[in-house]
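Residues per chain, in single letters:
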Amino acid sequence: MIQTSLKSIAYRLFYLSFFAIGMKCYGQQTPVFSEYNYNPFIVNSAYAGLSKAGEITFATNGLFSSIDGSPENLNLSFHMPLKADKMGIGAALIQDKIGVTTSTSAFVAYSYKIFFDFQENRPYWEVFQKPSLSFGITAGMQQYQNNLLELGITNDPTFSRNVNASIPTIGAGVLFNKSNFYAGLSTPNLLGTRFSSDDSIELRSPYYGYFGYRFFSSQYENLLLKPSLLLKYEEGAPLQGDLNLALSYRNILELGVGYRTNSSFNMLAGFYLFESLRIIYHYNAAPKNLAFGNTHGVILSYSFKRGYSTK
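In this text the structure is predicted, and so the values were computed from the model without any measurement. (Residues numbered from 1 in each chain as written. Predicted model: local features only at pLDDT ≥ 70, side-chain atom pairs only at ≥ 80, totals over all residues. Heavy atoms only, no water.)

Chemist: Residue-level account of the pattern of salt bridges, with values.
Modeler: Counted by the stated rule, this structure contains five salt bridges. Note that lysine 226 is salt-bridged to glutamate 254, the shortest N-O span being 2.6 Å. Here glutamate 254 lies in strand β13 (residues 253-260) and lysine 226 lies in strand β11 (residues 223-233), a separation of 28 residues in the sequence. The partner of aspartate 242 in a salt bridge is arginine 260, and the shortest N-O contact between them spans 3.0 Å. (Salt bridge = Lys/Arg side-chain N within 4 Å of Asp/Glu carboxyl O. Helix = DSSP H or I, 4+ residues; strand = E, 2+ residues; numbered from the N terminus.)

Chemist: So what's going on with the packing of aromatic side chains? Residues and values would help.
Modeler: A full pass over the atoms with the stated rule returns 10 aromatic pairs. A centroid spacing of 6.4 Å and a plane angle of 55° characterise the contact between phenylalanine 181 and tyrosine 213, whose relative ring orientation is tilted. With a gap of 32 residues between them, phenylalanine 181 in strand β9 (residues 181-187) and tyrosine 213 in strand β10 (residues 207-213) connect regions that are remote in the sequence. On the basis of relative accessibility, which here comes to 30%, the residue phenylalanine 181 falls in the partly exposed class. (Phe/Tyr/Trp six-rings, centres within 6.5 Å; stacked < 30°, edge-to-face > 60°. Buried < 20%, exposed > 50% of the residue type's maximum accessible area, 1.4 Å probe, protein only.)

Chemist: Got a sec to walk through the side chain of serine 205? Specific residues and values, please.
Modeler: Following the sequence through the fold, serine 205 ends up in the loop between β9 and β10. A distance of 3.0 Å separates a polar atom in the side chain of serine 205 from a polar atom in the side chain of threonine 187. In contact with serine 205, not counting residues within four places along its chain, are Thr187, Pro188, Asn189, Tyr233 and Glu234. (Polar contact = N/O pair within 3.5 Å; in protein donor to acceptor, adjacent residues only side chain to side chain. Contact = heavy atoms within 4.5 Å.)

Chemist: Talk me through the environment of phenylalanine 58; I want residue IDs and the actual numbers.
Modeler: Looking at the element boundaries, phenylalanine 58 is found in strand β3 (residues 55-63). Judged by its relative accessible area of 36%, phenylalanine 58 falls in the partly exposed class. With 244 residues separating them along the chain, phenylalanine 58 and tyrosine 302 place their C-alpha atoms 9.0 Å apart. If near-sequence neighbours (up to four positions away) are discounted, phenylalanine 58 is found in contact with Asn75, Leu76, Val298, Ile299 and Leu300.

As far as function goes, none of this settles anything; it's purely spatial.
Shown next as structure tokens:
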């Protein structure tokens, strides 16, 4: 009974400090996408249609956590090229939960690409995406729910009612891609909360920087080494970075490690099956002083027209 009571008190104190600043409601406003290397479209709309065929991806993060209220994220997305690959379209559904707060977003995306003709050395089995400069835009809606009454905090007006708001979103992104290097910038919502149905919330829109390199040596032609970095800036929060290193063997096996700037470490392992199916498992190991503990996640991707085939 004492342990349960202490857990309840700690839970309430956490949300008191995490959500309340003055009379506004704040929270973890955007998820951290551990799968950004395997579904860049969810971070940057300019990626829509960059693959040689349509691709559908389901991803989840935060599975099997033993900590009540720890972050959980799931997303479902689809994108495909159009008209000689110069244009792309896509759509996504994202749900992010933390404690009593749930954010659900849906958007559609359009991209336009300018192609370049770079001649570069690369493995024949690589899933090759044409060198290009891409521009993307999204339009959608975010549903933000904050069930503050569940916390049972009665002496603070900030927690005197639940929040349920609909927020229109317009996002944008740009991406430069070539066989051995890529870099992109994006944001999911340029409008912020100025058109929100509830004036009591103030959510900050994040900005993402996405960079990576692909190392290939003819001496080790079956291997591809891929360091990458995802930066996330959000007003009022420290700059966050995900630094990752993955090793791919002929689009059959994928292994990776990474570090997140909140001192957590990431590991992943993946397999390519049946030419069009990719399965990635990732694990986030947090130090003991972080409240949310370790998390697990799974990414399932299906690419049409034998998209992952090495042939």
